[in-house]
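Structural description and commentary
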Amino acid sequence: MRFLHVSDLHIGKRIYNVDLLEDQNCILQQICHMAEEYACDGLLIAGDIYDKAQPSAQAIAAADAFFTQLARQNTAVYLISGNHDNPAQISYCASILRKGGIYAAEAFDGHLQKIELQDDNGPLDLYLLPFIRPVHVRRFFPDSQIKTYEDAVRTVLQNTPLTEGRRSVLIAHQYVAGATTCESEELSVGGLEQIPAELLRNFCYTALGHLHSPQVLLKGKVRYSGSILKYSFDESTQQKGALLVEIDGEGQIKVEKLPFVPLRDLREIEGELASLLQLPYSEDYIQATLTDDVMPLDARGALRINFPNLLHLKIKNARTGQGEIELQIEQVEEKTPLEHFCEFYAAQNNGIAPDAQRLALMRQALQEAEEQL
């Protein structure tokens, strides 16, 4: 059986107040083409379809066009909600969507949802686990001690016996210990959210979402496909793509990465202004670091002649030492509550950032507040 694994579409996302919808539509079309070209039995989308729980009309229209194209080409889709999604919205009209081959996981109801598939090698069970927090699971298992994300996922899996001798695949949206994070993920992604990879060992393959860097865990049986685009500059060297997963009759897997070709790349350039102005014209999304000892006049305007999509400008020279000075170019992208707290704390404490203990307390307070919503 052959699947195409993607995640973290974040349709509607903006970086540095720049709308990425055109760039995202380009990748969504490539996903449709890949699924059809490789005759995939299903497209696995491991959460964060949208960037916000209440997406814009434009983002919803883009998602609608994407799923309509997949239905037209008879590509089955299996998707779950991520931490950025509204589970009720993702599973809206789920029974009707199934008739078009779109299988959306419903909001967690105490059970791990299962879809039974069949190929020439026999049955395969596909399990859908939307993003869950301890509070989501605790209400269904009042006699269990569920305090952490690990407790929550472990409880769900322990109460979901797999059929012996049958191949099984899991789609999930969680933070697995041992994986690395990047700037485009929320600051709330911390140690409290981690679950051990060993919890997933009984599945032939686990298609993960949540972390934006492509990663391989548990000897290749557990994988993050990564986000469909570079959403922060610390991802600038990554090659984004989809994972083509083949599962044989014995449950052995073979995985191939199919690279995406972005409409515009996101990359970093560094050097003196004069040398940067000699670089070829590009509409890529650029972060420029100037190394001039004296800051040139209107460096931003000069750079935008060659790089109209200049997003971020830094200065690094003898005066700044090993540090850097960041120059704001446009209105910054929307901040998370934890980022607002960090800025407020620093403003009240002579620029000193909150320590790890205060950050942990604030994360816990924000999580508790979110659970009350």
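Structure report, in brief. (Residues numbered from 1 in each chain as written. Predicted model: local features only at pLDDT ≥ 70, side-chain atom pairs only at ≥ 80, totals over all residues. Heavy atoms only, no water.)

**Here's the deal with the overall build of the chain**
A tally of helices and strands in the chain yields 10 helices and 20 strands. At 22 Å, the chain has a C-alpha radius of gyration in line with the 21 Å of a compact globule built from 373 residues. Principal-axis analysis of the C-alpha atoms places the extent of the chain at approximately 70 × 45 × 40 Å. Counting every position in the chain, which comprises 373 residues, the buried fraction comes to 51%. Carbon and sulfur atoms make up 49% of the accessible area of the chain, which totals about 18300 Å². (Helix = DSSP H or I, 4+ residues; strand = E, 2+ residues; numbered from the N terminus. Rg over C-alpha atoms; globule rule 2.2 N^0.38 Å. Buried < 20%, exposed > 50% of the residue type's maximum accessible area, 1.4 Å probe, protein only. Areas by Shrake-Rupley, 256 points an atom, 1.4 Å probe, with all protein chains shown as cover.)

**Quick notes on the pairing of strand 8 (residues 122-129)**
Within strand 8, 7 of the 8 residues are buried, leaving the element largely enclosed by the surrounding structure. Relative to strand 8, strand 7 (residues 113-119) runs antiparallel, the two sharing 7 bridges. Across the sheet, K114 pairs through a bridge with Y127, a residue of strand 8. The loop that links strand 7 with its antiparallel partner strand 8 comprises 2 residues. (Pairing = 2+ DSSP bridges.)

**Re the packing of aromatic side chains**
One pass over the structure, following the stated rule, counts 6 aromatic pairs. Relative to F233, the ring of Y16 lies with its centre 6.2 Å away and its plane at 50°, an arrangement referred to as tilted. With Y16 in the loop between strand 2 (14-15) and strand 3 (18-19) and F233 in the loop between strand 14 (222-224) and strand 15 (241-247), the pair connects residues that are 217 residues apart, well separated along the chain. Relative to F140, the ring of F108 has its centre 5.7 Å away and its plane inclined at 80°; by these criteria the two rings are edge-to-face. Taken as a pair, F108 in the loop between strand 6 (102-104) and strand 7 and F140 in the loop between helix 5 (134-138) and helix 6 (149-158) lie far apart in primary sequence, 32 residues in all. With a relative accessible area of 13%, F108 lands in the buried category. (Phe/Tyr/Trp six-rings, centres within 6.5 Å; stacked < 30°, edge-to-face > 60°.)

**Quick look at the sheet that holds strand 12 (residues 205-209)**
Strand order in the open sheet formed by 6 strands is 7-8-9-12-14-13, and the pairing between neighbours is mixed. Of all strands in the sheet, those bounded by a partner on one side alone are strand 7 and strand 13 (215-217). Averaged over all neighbouring strand pairs, the angle between strand axes comes to 20°, with direction disregarded. (Axes fitted to C-alpha atoms, helices over the stretch in contact; angles between N-to-C directions.)

**Considering the layout of surface pockets**
In this model, the second largest pocket occupies a volume close to 330 Å³. What lines the second largest pocket is a set of 14 residues, among which Y50, F67, Q89, I90 and L97 lie closest to the centre. Where the lining of the second largest pocket is concerned, the elements lending two or more residues are helix 2 (57-72), helix 3 (87-90) and strand 6. Ranked by the residues each element gives to the lining of the second largest pocket, the list is headed by helix 2, at 4 residues. (1 Å grid on protein atoms, 1.4 Å probe; cavity = no way out; pocket = protein on both sides within 12 Å on 5 of 7 lines; lining within 4 Å. Points joined across faces, edges and corners; volume = space filled by probe spheres on them.)

**A closer look at the nonpolar core**
Core analysis: the biggest nonpolar cluster contains 40 residues, and L4, I11, I31, I45 and F66 have the highest contact counts within it. For this core, the elements supplying multiple residues, two or more each, are strand 1 (2-6), helix 1 (21-37), strand 4 (42-46), helix 2, strand 5 (77-80), strand 6 and strand 15. Top contributing element to this core by residue count: helix 1, with 7 residues. If sequence neighbours within four positions are ignored, I45 has contacts with V6, L9, F66, F67, V77, Y78, L79, I80 and I171. I146, Y149, V176 and L200 belong to the second-largest nonpolar core, a separate cluster that totals 29 residues. (Core = buried A, V, L, I, M, F, W, Y, C linked by side-chain atoms within 4.5 Å. Contact = heavy atoms within 4.5 Å.)

**Description of the sheet that holds strand 6**
Spatially, 6 strands are ordered 6-5-4-1-15-16 in an open sheet, and the strand pairing comes out mixed. Single-partner strands in this sheet number two, and they are strand 6 and strand 16 (253-259). For this sheet, the mean inter-axis angle between neighbouring strands, taken without regard to orientation, is 20°. Relative to strand 4, strand 1 runs parallel, the two sharing 4 bridges. Within the sheet, the bridge partner assigned to F3 lies in strand 4 and is G42. In the packing of helix 2 onto the sheet, the strands contacted are strand 4, strand 5 and strand 6, and the crossing angle to strand 4 comes to about 155°.

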